Amino acid sequence: MFSTAAGRFRALALAEAVSWAGLLVGMFFKYVVVHNEIGVKVFGPIHGVVFIGYVLVALMVREELRWDRRTTFLALLASIPPLATVIFERWVSRRPQPASD
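Here is a short report on the structure shown in this document. (Residues numbered from 1 in each chain as written. Predicted model: local features only at pLDDT ≥ 70, side-chain atom pairs only at ≥ 80, totals over all residues. Heavy atoms only, no water.)

### Comments concerning the packing of aromatic side chains
Right, so step 1: In this structure the tally under the stated criterion is 6 aromatic pairs.
Right, so step 2: Both rings, one in Phe 9 and one in Phe 88, keep their centres 5.9 Å apart while their planes meet at 85°; by these two values the pair is edge-to-face. With Phe 9 in helix 1 (residues 5-33) and Phe 88 in helix 4 (residues 84-94), the pair connects residues that are 79 residues apart, well separated along the chain.
Right, so step 3: You can call Phe 88 buried: its relative accessible area is 6%.
Right, so step 4: Cluster of aromatic residues (ring-pair linked, three or more members): Phe 9, Tyr 54, Trp 67, Phe 88 and Trp 91. (Phe/Tyr/Trp six-rings, centres within 6.5 Å; stacked < 30°, edge-to-face > 60°. Helix = DSSP H or I, 4+ residues; strand = E, 2+ residues; numbered from the N terminus. Buried < 20%, exposed > 50% of the residue type's maximum accessible area, 1.4 Å probe, protein only.)

So this is what it looks like as structure tokens:
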């Protein structure tokens, strides 16, 4: 999975979505269920590191995957809403690849 640019991006997109979900669950428990911060304290830093990794990998693989500026912008934008990185990764992986120069 990590041997190709697409595989590295796919792994980080999934990890970013999972860390977002963990943070959301932590926030739910903090504000609704038990009113303690343990979930946010655990998943907050994890999500922060994975978020930065996703952004860096998106910027590093853009040339190898032949993304134009619009696609790169959408990849970066997808890091903001929860779980959008998985939706973006599925969309971009199903698009036809542009011809090589």
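### Concerning the nonpolar core
Right, so step 1: Core analysis: the biggest nonpolar cluster contains 14 residues, and Phe 9, Tyr 54, Val 61, Trp 67, Ala 75 and Phe 88 have the highest contact counts within it.
Right, so step 2: Breaking this core down by element, the ones donating at least two residues are helix 1, helix 2 (38-61) and helix 4.
Right, so step 3: Ranked by residue count, the leading element in this core is helix 2, at 4 residues.
Right, so step 4: Once you skip the residues sitting within four places of it in the chain, Val 61 turns out to touch Ala 5, Phe 9 and Trp 67. (Core = buried A, V, L, I, M, F, W, Y, C linked by side-chain atoms within 4.5 Å. Contact = heavy atoms within 4.5 Å.)

### Considering the pattern of salt bridges
Right, so step 1: All chains considered together, the criterion is met by 3 salt bridges.
Right, so step 2: Its salt-bridge partner being Glu 64, residue Arg 8 comes within 3.8 Å of it at the nearest N-O pair. Within this pair, whereas Arg 8 is found in helix 1, its partner Glu 64 is found in the loop between helix 2 and helix 3 (69-77), the two being separated by 56 residues in sequence.
Right, so step 3: For Glu 64, a relative accessible area of 53% translates into the label exposed.
Right, so step 4: Notably, a salt bridge pairs Glu 37 with Lys 30, separated by 3.7 Å at the nearest N-O pair. (Salt bridge = Lys/Arg side-chain N within 4 Å of Asp/Glu carboxyl O.)

### Digging into a nonpolar patch on the surface
Right, so step 1: Taken together, the side chains of Leu 24, Val 25, Met 27, Phe 28, Phe 29, Tyr 31, Val 32, Val 33 and Val 34 define a hydrophobic patch exposed on the protein surface, amounting to about 800 Å² of accessible area.
Right, so step 2: Assignment of secondary structure puts Tyr 31 in helix 1.
Right, so step 3: The exposure class of Tyr 31 is exposed, given its relative accessible area of 54%. (Patch = residues over 30% accessible without salt bridge, like charges linked within 9 Å, V, L, I, M, F, W, Y side chains within 5 Å. Areas by Shrake-Rupley, 256 points an atom, 1.4 Å probe, with all protein chains shown as cover.)

Keep in mind these numbers describe shape, not what the thing actually does.
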